[in-house]
Amino acid sequence: MAFIPLLIGLSCLLVLRYLWYTWVHARKAQSWGCASLPSYPTDLIGLNTLKEALRADKEGTIPLMLQRRVEELSIREKRRVATFRIRQMGRENIFTCDPANIQAMLATKFKDFELGSLRQFTLHPMLGTGIFTSDGEAWARSRALLRPQFTREQISDLDLEEVHLQQAMRALPVDPVTRWTGETNIQAILFQALRNGGELPPDHFSGYFDRGQWYVSQRARFEKLHWLVDNKESRYVNDKVHAYVDQFVNKALQMSAEDKPASSHYVFLEALVAVTRDPIELRSQLLNILLAGRDTTASLLTWSILMLARHPAVFQKLRSTILADFGPYTPNHDSITFAALKSCRYLQYFMNEILRLYPSVPINRRIAANDTSLPQGGGPDGKSPIYLRTGQAVYYSVFVAQRQKELFGEDAEVFNPDRWFDRRVGWEYLPFNGGPRVCLGQQFALTEAGYVLVRLLQRFDAIEDVYPEKDIKYTLTLTLTPKDPVTVRLHEAAAVSAT
Ligand code: HEM
């Protein structure tokens, strides 16, 4: 029975240790002028918040749930609450949509924050070690490896873009008499590189990649119990994704071993093989960049088409701007250059506004790498700094930040590209992230998406939303997309038939 006093002794030690650290941190917080912040109501382990998130996921309302939490706490505290604590499945997170806190995490206090273990348990099983799953040296290596792939010449090469665009156009045939397309789910076309406008087989890579991403977000929701979501299917999906990419990696390695000449145009994988020959690293870097580039840009384009279909005046304004700058639809696309797209101001305002209301990455998270603080959210008025212990996870949502009336005016929820006229962009608008980990593909993405929009609006002079009365629902895996198919009909301009 000697173990009973031992147990009591150990428990006392643990309690003392807990009290000691609580005191140490409280002193540090006080000396830094930090104050406490509100907590979102839930149970002891945060099962209710998980249930709330799973329900919202099913209903397609996750981003709206985030906004609602901010509103509910603001009413309870009788002030604007932009930063609060929230417990989910045993983890105490901080949530913020305060630009000052986001700026601190991403830029001014960059060294105090990392992606840490959260990215490891969520993304690593599918993506391996790459730019989205690493910090410190490993991250710097990935960034240095990838950065040269985004030079202005490489992202200005729009010939390949035209080839893919023509493939997508083949999926949009028009009736020769009415010149209307049939009812088309544009989302499917934009997310999948359809071959000759055909359907994809069910066990296609993109299906596995989507399913793998769903597992990634489920692991994030289950927090400390993420292993519950790891099952036979999730492992099967990852194996399929890896096997598919490995084919290309092996081929590229073989070609370079045999000293076969590289392609005449720029190929990302060939450029990587010149720097590393490790097949696992190559696979991981490819998957990381695919994740970065595919769904984010497709999401921007999908929301763009939906908004154009729902806002005919914006459609007409954008189309006349495009025709004035680039002329009507012809096989020759030489005038649509990187520089010309950038200086087409209304096109840029339009994409800004899409990414404000429908940011491709609406929520993100960082972990405190050491004891630190964020500038706002504490005390009765929320203006005092808040204290973060090492390991504290902080969610930040640009979806919520970019819809705040305090930052974007009373009409913050209204889709209005004109609001960008002469507006300077600060930390309240962050669709591409900021600081040292700012999106590497920002210019590439805006060039790609701008190009597709120009070509589509050159060819079509009207877009009709087949279900205009339907409420917008959201799917949130890693990126934000409309939950329902975006079913539209497009009308081909008379000039096109003549070309
Ligand atoms: C509309 C399109 C896009 C949006 C809204 C977007 C947004 C973002 C955001 C929010 C991040 C930060 C993610 C994080 O915290 O880990 C990010 C990172 C990144 N993006 Fe993009 N992105 C887009 C397109 C692209 C494209 C087309 C590429 C490349 C082909 C790309 C490459 C990257 C890379 C490499 C990073 C990691 C940067 C780092 O951690 O150092 N992005 N992007």
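Residue positions are given per chain, counting from 1 as you read along its sequence in written order. In keeping with the predicted nature of the model, local features appear solely for residues at pLDDT of at least 70, side-chain atom pairs appear and are counted solely at 80 or more, and the whole-chain, interface and lining totals rest on all residues. Hydrogens and water molecules were not included; the side-chain quantities draw on all heavy atoms of the structure.

Peer 1: So what exactly am I meant to see when it comes to the overall build of the chain here?
Peer 2: In terms of helices and strands, the chain carries 20 helices and 12 strands. Within these notes, the globule rule equals 2.2 Å times the number of residues to the 0.38 power, and the radius of gyration is based on C-alpha atoms. A compact globule built from 499 residues should have a C-alpha radius of gyration of about 23 Å, and the chain, at 25 Å, falls within 12% of that. By principal-axis analysis of the C-alpha atoms, the chain measures approximately 90 × 60 × 35 Å. Taking all 499 residues of the chain together, the buried fraction comes to 50%. Split by element, the accessible area of the chain, about 23700 Å² in all, is 58% carbon and sulfur. One finds the centroid of the 59 positive side-chain charges in the chain at a distance of 6 Å from the centroid of its 54 negative side-chain charges. Only DSSP runs of H or I covering at least 4 residues are called helices, and only runs of E covering at least 2 are called strands; the numbering of each starts at the N terminus. Only protein chains enter the calculation, and the probe is 1.4 Å; a residue is then buried if its accessible area is under 20% of its type maximum, exposed if over 50%, and partly exposed in between. The Shrake-Rupley method, run with a 1.4 Å probe, gives the accessible areas here. Residue values count only the displayed protein chains as cover. Charged residues are defined narrowly, with Lys and Arg counted positive, Asp and Glu counted negative, and His plus the chain ends left uncounted. Note that the charge is assigned to NZ on lysines, CZ on arginines, CG on aspartates and CD on glutamates.

Peer 1: How should I be thinking about the pattern of salt bridges in this particular structure?
Peer 2: Side-chain pairs of opposite charge can arise whenever the charged atoms involved come near each other. By salt bridge we mean one thing: a side-chain nitrogen of Lys or Arg within 4 Å of a carboxyl oxygen of Asp or Glu. Evaluated as defined, the whole model comprises 24 salt bridges. Residue D295 is joined to R294 by a salt bridge in which the shortest nitrogen-to-oxygen separation is 2.7 Å. Taking the relative accessible area as the measure of exposure, D295 reaches 3% and is therefore buried.

Peer 1: In this structure, what is going on with the coordination of the iron atom of the ligand? I would like to understand it.
Peer 2: In ideal tetrahedral geometry, four donors around a metal make angles of 109.5 degrees, whereas ideal octahedral geometry with six donors gives angles of 90 or 180 degrees. We call an atom a donor if it is N, O or S and sits within 2.8 Å of the metal, or 3.2 Å for Na, K and Ca. Water is not counted, so some sites may look partial. Of the protein atoms, C439 (SG) alone serves as a donor to the iron atom of the ligand, at 2.3 Å. By secondary structure assignment, the location of C439 is in the loop between helix 18 (405–408) and helix 19 (442–459).

Peer 1: Would you explain helix 3 (residues 62–77) in this entry?
Peer 2: Given 3.6 residues to a turn, an α-helix orients residues that are three or four positions apart in the same direction. The length a helix should cover is 1.5 Å for every residue beyond the first. Look at helix 3: 23 Å from first C-alpha to last across 16 residues, which is about the 22 Å you get at 1.5 Å a residue. For helix 3, the complete set of buried residues consists of I62, P63, M65, L66, Q67, R69, V70, L73 and S74.

Peer 1: Please clarify how the site of the ligand should be interpreted in this entry.
Peer 2: Close contacts around the ligand come from 26 residues, with W139, R143, N364, R437 and C439 the closest. With respect to the ligand, the side chain of R143 contributes an N or O atom lying 2.7 Å from an oxygen atom. Side-chain atoms alone can form a polar contact between residues adjacent in sequence; in general such a contact is a pair of N or O atoms within 3.5 Å, and within protein one must be able to donate a hydrogen while the other accepts it. Interatomic distance of 2.9 Å between a side-chain N/O atom of R437 and an oxygen atom of the ligand. Elements represented by at least two residues in the shell around the ligand include exactly helix 6 (136–146), helix 13 (279–310), strand 5 (363–368) and helix 19. It is helix 13 that contributes the most residues to the shell around the ligand, six residues altogether. Each residue is assigned to one of three groups, with Ala, Val, Leu, Ile, Met, Phe, Trp, Tyr, Cys and Pro labelled nonpolar, Asp, Glu, Lys and Arg labelled charged, and all others, Gly among them, labelled polar. The class makeup of the residues in the shell around the ligand is 15 nonpolar, seven polar and four charged. The nearness test applies per residue and asks whether one of its heavy atoms lies within 4 Å of the molecule or strand.

Peer 1: When you look at the sheet that holds strand 1 (residues 83–88) in this model, what are you seeing that I'm missing?
Peer 2: In any sheet, the strands associate via hydrogen bonds between backbone groups, in a parallel or an antiparallel arrangement. In this description, strands pair whenever DSSP reports at least two bridges between them. Taken in spatial order, the five strands line up as 1-2-8-5-3 in an open sheet, and their pairing is mixed. Two strands lie at the open edges of the sheet, namely strand 1 and strand 3 (113–114), each paired on one side alone. As judged from the six bridges shared by strand 1 and strand 2 (residues 91–96), these two strands associate in the antiparallel manner. Its bridge partner being in strand 2, T83 is matched across the sheet by T96. Residues count as neighbours in contact if any of their non-hydrogen atoms are within 4.5 Å of one another. Axis definition: a line fit to C-alpha positions, over the contact stretch in the case of helices; interaxial angles, taken between N-to-C directions, run 0 to 180 degrees. Relative to strand 5, helix 5 (residues 116–127) is tilted by about 130 degrees, and along the sheet it contacts strand 2, strand 3, strand 5 and strand 8 (393–397).

Peer 1: What is the right way to look at helix 6 in this model?
Peer 2: All of the buried residues in helix 6 are W139, S142, R143, L145 and L146. Mapping the buried residues of helix 6 onto a view down its axis gives an arc of 160 degrees, with all of them on the same face. The inward-facing, buried residues of helix 6 contact helix 12 (268–273) and helix 13. Think of it as the arc spanned by the lines of direction from the helix axis to the C-beta atoms.

Peer 1: Is there a simple way to think about the state of the cysteines in this case?
Peer 2: The term disulfide refers to a covalent linkage connecting the sulfur atoms of a pair of cysteines. Two cysteine sulfurs form a disulfide in these notes if their separation is within 2.5 Å. Scanning all chains against the criterion turns up zero disulfides. Free of any disulfide, C97 has its nearest cysteine sulfur in C34, 19 Å distant. With a relative accessible area of 0%, C97 lands in the buried category.

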